[in-house]
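Residues per chain, in single letters:
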Amino acid sequence: QSVLLDRRRHDRENCFVDFPSRAGHDATVRGFLKRHTTHRRKCRGFREGGKQPVISPGLSEALAVAVCQCNNVPVANVIAAGQHVSNDTPGAIDSFFISEQIAGGLPADWFWESHIVGDKSSDGGARRRALLASLAHAARSLHAAHLFHRDLYWCHFFVREPAPGQFETYLIDLHRLRRA
């Protein structure tokens with residue numbers, strides 16, 4: 001019931017959605033929702049090899065997350081995904097993908113600007129190296145699994161720092177992931 005629109009592009013909406021927590025009371029869990037409207041001929045999706053059926057961006061991202069998790073690539077967990085083929089508009093497919101929010105996480109470019117640039121502390125260099133090692137680990141995990149991300153930009157690495165100088169990096173926006 002609580003959907004907050006974050007960004008809208010011509011064929012996609014990015015939103016935040018809150019769900020009741022299993023803990024009960026007034027606690028909520030935040031998810032990240034992507035809604036896609038596309039045409040069947042533009043659906044390329046994640047493929048495991050060979051000829052595959054057409055798959056929407058929402059289901060493609062859910063499949064890509066599953067493949068990453070099976071290969072120890074750090075990604076956010078899937079909450080739900082689905083698609084609907086329109087009967088009104090021939091070839092139109094609506095799909096969605098909801099993942100768990102990476103609590104305390106920021107896109108790597110934002111994290112770098114807000115937490116690393118200007119850090120003149122005695123351990124600033126060590127923090128910078130630890131963050132770069134975490135980013136490299138995420139990319140190395142992806143490539144070791146023979147996967148490649150067609151949009152591997154800084155903003156698609158999500159970083160959190162659970163303790164000073166200890167970083168966790170997750171890959172996001174996987175609907176254009178491919179097997180190498």
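Asks: Give a description of the pairing of strand β4 (residues 78–85) that names residues and reports values.
Replies: For β4 and strand β5 (residues 92–100), the ladder comprises seven bridges, and the chain directions are antiparallel. Bridging from a neighbouring strand, V85 pairs with I93 of β5. In textbook terms, the turn of a hairpin is the stretch between consecutive antiparallel strands, and for β4 and β5 this stretch comprises six residues, one of which, G91, has a positive phi near 85°.

Asks: Give a description of the state of the cysteines that names residues and reports values.
Replies: Throughout the structure, instances matching the rule amount to zero disulfides. Considering cysteine sulfurs only, C70 is the nearest to C68, which forms no disulfide, with 9.5 Å between them. Note on C68: relative accessible area 0%, which makes it buried.

Asks: Tell me about the nonpolar core, residues and numbers included.
Replies: In terms of nonpolar packing, the biggest core is built from 25 residues, with C68, L131, L171 and L174 touching the most fellow members. Every element with two or more residues in this core is listed here: α1 (57–70), α2 (108–116), α3 (124–144), β8 (157–163) and β9 (166–171). If we skip the residues at most four places from it in the chain, L131 touches F111, W112, I116, V159 and F167.

Asks: Describe in detail the sheet that holds β9, supporting the description with residues and values.
Replies: Sheet architecture is open: three strands sit in the order β6-β8-β9, paired in antiparallel fashion. Every interior strand has two partners, whereas the edge strands, β6 (106–107) and β9, have only one. Sheet analysis places β6 next to β8, joined by two bridges and oriented antiparallel. Note on β8: the bridge partner recorded for L106 is V159. Most of the contacts of α3 go to β9, to which it runs at about 30°, and overall it touches β8 and β9.

Procedures and definitions
- Residues numbered from 1 in each chain as written.
- Predicted model: local features only at pLDDT ≥ 70, side-chain atom pairs only at ≥ 80, totals over all residues.
- Heavy atoms only, no water.
- Pairing = 2+ DSSP bridges.
- Helix = DSSP H or I, 4+ residues; strand = E, 2+ residues; numbered from the N terminus.
- Disulfide = S-S within 2.5 Å.
- Buried < 20%, exposed > 50% of the residue type's maximum accessible area, 1.4 Å probe, protein only.
- Core = buried A, V, L, I, M, F, W, Y, C linked by side-chain atoms within 4.5 Å.
- Contact = heavy atoms within 4.5 Å.
- Axes fitted to C-alpha atoms, helices over the stretch in contact; angles between N-to-C directions.

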